[in-house]
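One letter stands for each residue in the lines below.
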Amino acid sequence: MTMNETKIRPCVATDLPAVKAVIEATELFPSEALDDMMSFDPPPGPAEPPREFWLVHDDGHGATAVAYCAPERMATGTWNALLLAVHPDQQGTGIGAALMAYIENLLGTRGERVLLVETSGTADFERTRGFYLQIGYEREASIRDYYDAGDDKIVFRKAL
């Protein structure tokens, strides 16, 4: 287990201001959207039914990164990592890779089969797409004009 992995834990309500700061710094979407999106339940255990979960990377001073993962509806053992955000000051330090490895291990030990990641096809997300390729994901699909005209959805896949 790496140092970054030891700092990963379930998100709790008191993390919300720090998580919002991460989202604001990355400019992914308006941070106010988190108020209605987030749940603060720990990840499901091996005997529990699949359900969404939120994780943070905490450097001891608060959350520096956040991840959100949910099971795909109408599929068996397929999950989607719907959000991964690392504060720009911490990008390139291995935190994102550690969060993804943590999720993969958590789901793999539960017997889940596949983890998907969706991201934008625009030039602004070229580094993000490269990150997923670097950590072992395969580009599986592209859906043209998904997010907006000229903004394709790119889907990456990894077998667990």
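The following refers to the structure shown.

Basis of the calculations
- Residues numbered from 1 in each chain as written.
- Predicted model: local features only at pLDDT ≥ 70, side-chain atom pairs only at ≥ 80, totals over all residues.
- Heavy atoms only, no water.
- Salt bridge = Lys/Arg side-chain N within 4 Å of Asp/Glu carboxyl O.
- Helix = DSSP H or I, 4+ residues; strand = E, 2+ residues; numbered from the N terminus.
- Buried < 20%, exposed > 50% of the residue type's maximum accessible area, 1.4 Å probe, protein only.
- Expected span 1.5 Å × (residues − 1).
- Core = buried A, V, L, I, M, F, W, Y, C linked by side-chain atoms within 4.5 Å.
- Contact = heavy atoms within 4.5 Å.
- Phe/Tyr/Trp six-rings, centres within 6.5 Å; stacked < 30°, edge-to-face > 60°.

Our focus in this paragraph is the pattern of salt bridges. All told, the structure shown has 7 salt bridges when counted by the stated rule. With a shortest N-O distance of 2.8 Å, K20 and D35 are connected by a salt bridge. Separated by 15 residues along the polypeptide, K20 in helix α2 (residues 16-26) and D35 in helix α3 (residues 34-37) bring together distant segments of the chain. The class of D35 is partly exposed, set by a relative accessible area of 44%. Note that E48 and R51 form a salt bridge whose closest N and O atoms lie 2.9 Å from each other. According to the relative accessible area criterion, E48 is partly exposed, its value standing at 35%. Within the structure, one salt-bridge network assembled from shared partners comprises R9, D15 and D58.

Here the focus is helix α4 (residues 95-109). An ideal rise of 1.5 Å per residue puts 21 Å on 15 residues; α4 measures up with 21 Å between its terminal C-alpha atoms. Along α4, the residues classified as buried are I95, G96, A98, L99, M100, I103, E104, L106 and L107. A positive phi of about 90° marks G111, the residue just after α4.

Formed by 24 residues in total, the largest nonpolar core has its most connected members in F53, L99, M100, I103, L115, Y132 and Y137. Mapped onto this core, the elements with two or more residues apiece are β2 (53-58), β3 (63-71), β4 (78-86), α4, β5 (114-120) and β7 (151-159). Among the elements that make up this core, the one with the highest residue count is α4 (7 residues). Setting aside its immediate chain neighbours within four residues, L99 contacts I8, L55, V56, H57, A65, V66, A67 and L84. Residues V22, V66, A70 and A85 belong to the second largest nonpolar core, which totals 15 residues.

Each pair of aromatic rings is reported with the distance of its centres and the angle of its planes. The full count for this structure, using the stated rule, is 6 aromatic pairs. Centroid distance Y146 to Y147: 4.9 Å. Interplanar angle 90°. Geometry classified as edge-to-face. When its relative accessible area of 39% is taken as the criterion, Y147 is described as partly exposed. One aromatic cluster is present, built from ring pairs that chain together F131, Y132, Y137 and F156.

By themselves these figures say nothing about function.
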